[in-house]
Amino acid sequence: MANSSAPWIGCAYLFLQSTCKTIILPSLYESSQKKPSVFKALKLALADSTGSINGVDMLKVHCSHPHLIIQLKFCKQENCRRFLQSYREGALQESLQKHLQLSLAISTVPLEMELKAGSEHLDSMLKDEDHCLECIYREKPDRLRDEEITELEKCLERLIVHQSINNTAAKDCTSLNSQSLPGPSQGNSLSPQVTFTFQGQEFDSLSKVPLSSGAHGNLPSISSSFKSIHRCLHCRDSKEKGFPVIFHGGIVLSTWLVWDHSSGCLMLPFPD
């Protein structure tokens, strides 16, 4: 194993094959339209297996029908250990199937997987984790990252940033919509209520709204030239004044009141 001063670097090959005859992974990766989707699924599944988007590096993807072969480079032993655990427990396979299903919009993508390091088939020795790590460490990368992989990763990064911005904007919009403004007052009032004090009592003052002719019959008493309001406002100190906005049962009846000397109360003028 590596000494304490040397960096821990190892390499392995992940073989993928779909067990569904209609899903040929190499053909999908060779398609210019499908390649970004397949690469995205691979990258996200590998990130899930190590707990980090940079936990393992893809150097190249080989198309060897019927297999898709991914050359992997590990730069930290702990990342490689987590990858082996995820692979052994089936979490990597499940994650990759899920991401391929989402990226390709396919109902299901059944997979078979195989892991190799040089001439060693690691599937037969997965329970011996340290031995697997030793095999991967002995296999050093024989190439730099493929330029195509670099371009695909840049496209994926731009896509992730774009989606993050859209998600943030959607959350902000939802937050604004959830901050509901005060709703209209209950009952039959037609506008926000403002109160005024009259003869020591507080009354609602609403916007001016004309009284319909159909409301005349709701008034409780009729004189020769006036219809009294159900709730009269007594005012002996303001006999010469008119008062705006009066309502009956919470409904605006008129925009102006006048003083009726005979009854000693404010009246709402209507012709008989």
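Right above here is the structure, for reference.
Anyway, here's the lowdown on the structure attached to this text. (Residues numbered from 1 in each chain as written. Predicted model: local features only at pLDDT ≥ 70, side-chain atom pairs only at ≥ 80, totals over all residues. Heavy atoms only, no water.)

### Let's talk about unusual backbone geometry
Cis geometry marks the peptide bond from histidine 65 to proline 66, where omega comes out at 5°. Mapping proline 66 onto the fold places it in the loop between β2 (57-64) and β3 (67-74). (Helix = DSSP H or I, 4+ residues; strand = E, 2+ residues; numbered from the N terminus.)

### Let's talk about empty space enclosed by the protein
Under the defined criterion, the tally for this structure stands at two cavities of 30 Å³ or more. By volume, the second largest cavity is sized at about 30 Å³. Looking at the second largest cavity, the residues that line it are Leu14, Leu42, Ala45, Leu46, Ile70, Leu92 and Leu96. Elements represented by at least two residues in the lining of the second largest cavity include exactly α2 (35-50) and α4 (91-104). It is α2 that contributes the most residues to the lining of the second largest cavity, three residues altogether. (1 Å grid on protein atoms, 1.4 Å probe; cavity = no way out; pocket = protein on both sides within 12 Å on 5 of 7 lines; lining within 4 Å. Points joined across faces, edges and corners; volume = space filled by probe spheres on them.)

### As for the side chain of serine 86
Along the polypeptide, serine 86 turns up in helix α3 (residues 77-89). Taking the relative accessible area as the measure of exposure, serine 86 reaches 9% and is therefore buried. Of note is the side chain of serine 86, whose polar atom sits 3.2 Å from the backbone nitrogen of leucine 92. Once you skip the residues sitting within four places of it in the chain, serine 86 turns out to touch Ser49, Ala91 and Leu92. (Buried < 20%, exposed > 50% of the residue type's maximum accessible area, 1.4 Å probe, protein only. Polar contact = N/O pair within 3.5 Å; in protein donor to acceptor, adjacent residues only side chain to side chain. Contact = heavy atoms within 4.5 Å.)

### A few points about the packing of α2 against α3
Relative to each other, α2 and α3 sit at 105°, their axes nearing to 7 Å. Classified by the interaxial angle, the pair formed by α2 and α3 is roughly perpendicular. In contact with Leu46, Ser49 and Thr50 of α2, α3 contributes Asn79, Arg82, Phe83 and Ser86. Residue composition of the contact of α2 with α3, grouped by class: two nonpolar, four polar and one charged. (Axes fitted to C-alpha atoms, helices over the stretch in contact; angles between N-to-C directions. Parallel < 35°, antiparallel > 145°, perpendicular 65-115°, else oblique. Nonpolar A, V, L, I, M, F, W, Y, C, P; charged D, E, K, R; others polar.)

### Focus on the environment of threonine 19
Within the secondary structure layout, threonine 19 lies in the loop between β1 (10-18) and α1 (25-30). Sequence-wise, threonine 19 and valine 109 are 90 residues apart; in three dimensions their C-alpha atoms are separated by 8.1 Å. Those residues in contact with threonine 19 that lie beyond four places of it in its chain are Pro110, Leu111 and Glu112.

### Considerations on the sheet that holds strand β5 (residues 120-121)
Taken together, the five strands give an open sheet; going across it, the order is β2-β3-β1-β4-β5, and neighbouring strands pair in antiparallel fashion. The open sheet has two edge strands with one neighbour each: β2 and β5. Taken strand by strand, α2 contacts β1, β2 and β3, and its axis lies near 135° from that of β2. Where helix α5 (residues 129-138) meets the sheet, its contacts fall on β1, β3, β4 (111-117) and β5, and the angle it forms with β1 comes to roughly 105°. (Pairing = 2+ DSSP bridges.)

### Concerning the packing of aromatic side chains
We describe a pair of aromatic rings using the distance from one ring centre to the other and the angle between the two ring planes. The tally for this structure, following the rule as stated, stands at three aromatic pairs. Taken together, a centroid distance of 5.2 Å and an interplanar angle of 55° make the contact between phenylalanine 74 and phenylalanine 83 tilted. The class for phenylalanine 83 is buried, based on a relative accessible area of 0%. Judged by centre distance (6.4 Å) and plane angle (25°), the rings of phenylalanine 83 and tyrosine 87 are stacked. Residue phenylalanine 83 and its partner tyrosine 87 are both found in helix α3; the two are separated by four residues, about one turn of the helix. Put simply, the rings of Phe74, Phe83 and Tyr87 touch in pairs and so form one group of aromatic residues. Over the ring of phenylalanine 15 we find lysine 116, and its NZ or CZ is 4.6 Å from the ring centre. Taking NZ or CZ as reference, lysine 140 lies 3.5 Å from the ring centre of tyrosine 137, over its face. (Phe/Tyr/Trp six-rings, centres within 6.5 Å; stacked < 30°, edge-to-face > 60°. Lys NZ or Arg CZ within 6 Å of the ring centre and 35° of its normal.)

### Quick look at the pairing of β4
Residue alternation in β4 divides its side chains into a buried set, Leu111, Met113, Leu115 and Ala117, and an unburied set, Glu112, Glu114 and Lys116. Note: β1 against β4, six bridges, orientation antiparallel. Across the sheet, glutamine 17 pairs through a bridge with glutamate 112, a residue of β4. Of the pairings in the sheet, the one linking β4 to β5 comprises two bridges and is antiparallel in character. Within the sheet, the bridge partner assigned to alanine 117 lies in β5 and is glutamate 120.

### Re the side chain of threonine 50
Summarising the element assignment, threonine 50 is placed in helix α2. For threonine 50, a relative accessible area of 2% gives the class buried. When near neighbours in sequence (up to four residues on either side) are disregarded, threonine 50 contacts Gly55, Val56, Asn79, Arg82 and Phe83.

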